[in-house]
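Coordinates in review
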Amino acid sequence: MLFRSRWGYSRNTASLELNYRELQKRDNRTSEIIVYGRAPMMLSAHCLKKTMDRCTHSDARLVLKDRKGARFPAECHCVSCYNIIYNSLPSSLLKEHLSDGRDSLSPLDRLHFRSFRLQFTDESGPLASKIATAFLERRDLPDIETTRGHFRRGVE
C-alpha cells in the first residue's frame with residue numbers, strides 16, 4: 001500500500017493469479033476485481049498477420065485455433081508490432097457473487113472489494129448485456145462455458 005500511495009496510485013486491480021484464501025489476507029477496500037473477462041495468456045512480438053498472409057500495418061482482431069479446436073481471440077497492435085492472445089474461455093466469478101446460504105453475503109462480498117469489473121473483449125452487444133444483467137441480478141450464466149481461473153484452487 002505504501003508503494004502505491006508514494007507514486008500517486010490510490011486504487012488497483014487484484015491479480016488474476018490470487019486465489020480466494022490469498023485475497024482474504026489482503027486489504028481490498030481500494031481494489032477492484034475482474035468478475036468477468038478473458039485473461040490475456042500471451043504477448044507475442046511477431047506479426048500474426050504476416051505469419052498468416054501479409055501485414056496491412058493496421059490493428060486487427062483475429063481468432064487462433066489450436067489442434068483441439070479451441071479458439072483464442074487475439075489483438076494485433078501493428079504500430080508497436082505485438083499481439084495479445086487471450087484465453088479460449090472467459091473467466092467468470094458470477095457464481096461467487098451469489099449468496100452461499102451461510103449468510104446474506106457472497107464470497108465476493110466477504111472480500112470487501114471497492115468495485116467489480118466486467119471486461120469485454122469479443123462479446124457481442126447482446127451477450128455483454130446478458131452478462132451485465134446477470135451480474136446485477138446476482139445470477140450465474142449456465143449456458144456460457146467459462147472458467148473460474150485460480151479463484152478456488154490457486155496457481156499450479
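Residues numbered from 1 in each chain as written. Predicted model: local features only at pLDDT ≥ 70, side-chain atom pairs only at ≥ 80, totals over all residues. Heavy atoms only, no water.

Looking now at the pattern of salt bridges. As enumerated under the stated definition, the model contains nine salt bridges in all. Of the charged contacts in the structure, one is a salt bridge between Asp27 and Arg29, with a shortest N-O distance of 2.8 Å. A relative accessible area of 35% means that Asp27 is categorised as partly exposed. Given the relative accessible area of 58%, Arg29 is considered exposed. Counted as one network, the salt bridges with shared partners bring together Glu96, Arg148 and Arg152. (Salt bridge = Lys/Arg side-chain N within 4 Å of Asp/Glu carboxyl O. Buried < 20%, exposed > 50% of the residue type's maximum accessible area, 1.4 Å probe, protein only.)

Pairing within the open sheet is antiparallel, and its four strands lie in the order S3-S6-S5-S4. Each end of this open sheet is capped by a strand with a single partner; those strands are strand S3 (40-44) and strand S4 (60-65). The mean angle between the axes of side-by-side strands here comes to 25°, regardless of whether they run parallel or antiparallel. Inspection of the sheet shows S4 paired to strand S5 (residues 71-77) by six bridges, in the antiparallel sense. Residue Lys65 lies in a different strand from S5, and its bridge partner there is Arg71. (Pairing = 2+ DSSP bridges. Helix = DSSP H or I, 4+ residues; strand = E, 2+ residues; numbered from the N terminus. Axes fitted to C-alpha atoms, helices over the stretch in contact; angles between N-to-C directions.)

The next subject is the nonpolar core. Soluble, globular proteins show a tendency: their nonpolar side chains are buried together. Membership of the largest hydrophobic core comes to 17 residues, with the highest contact counts inside it found for Leu23, Ile33, Val35, Leu94, Leu108, Leu111 and Phe151. Counting residues per element, the ones that place at least two in this core are helix H2 (20-24), strand S2 (31-37) and helix H5 (125-136). Leaving out residues up to four positions away in the same chain, Phe151 has contacts with Leu18, Asn19, Tyr20, Leu23, Ile33, Leu93, Glu96, Leu108 and Leu111. Within the second largest apolar cluster, nine residues are counted, among which are Leu48, Cys55, Ala74 and Cys76. (Core = buried A, V, L, I, M, F, W, Y, C linked by side-chain atoms within 4.5 Å. Contact = heavy atoms within 4.5 Å.)

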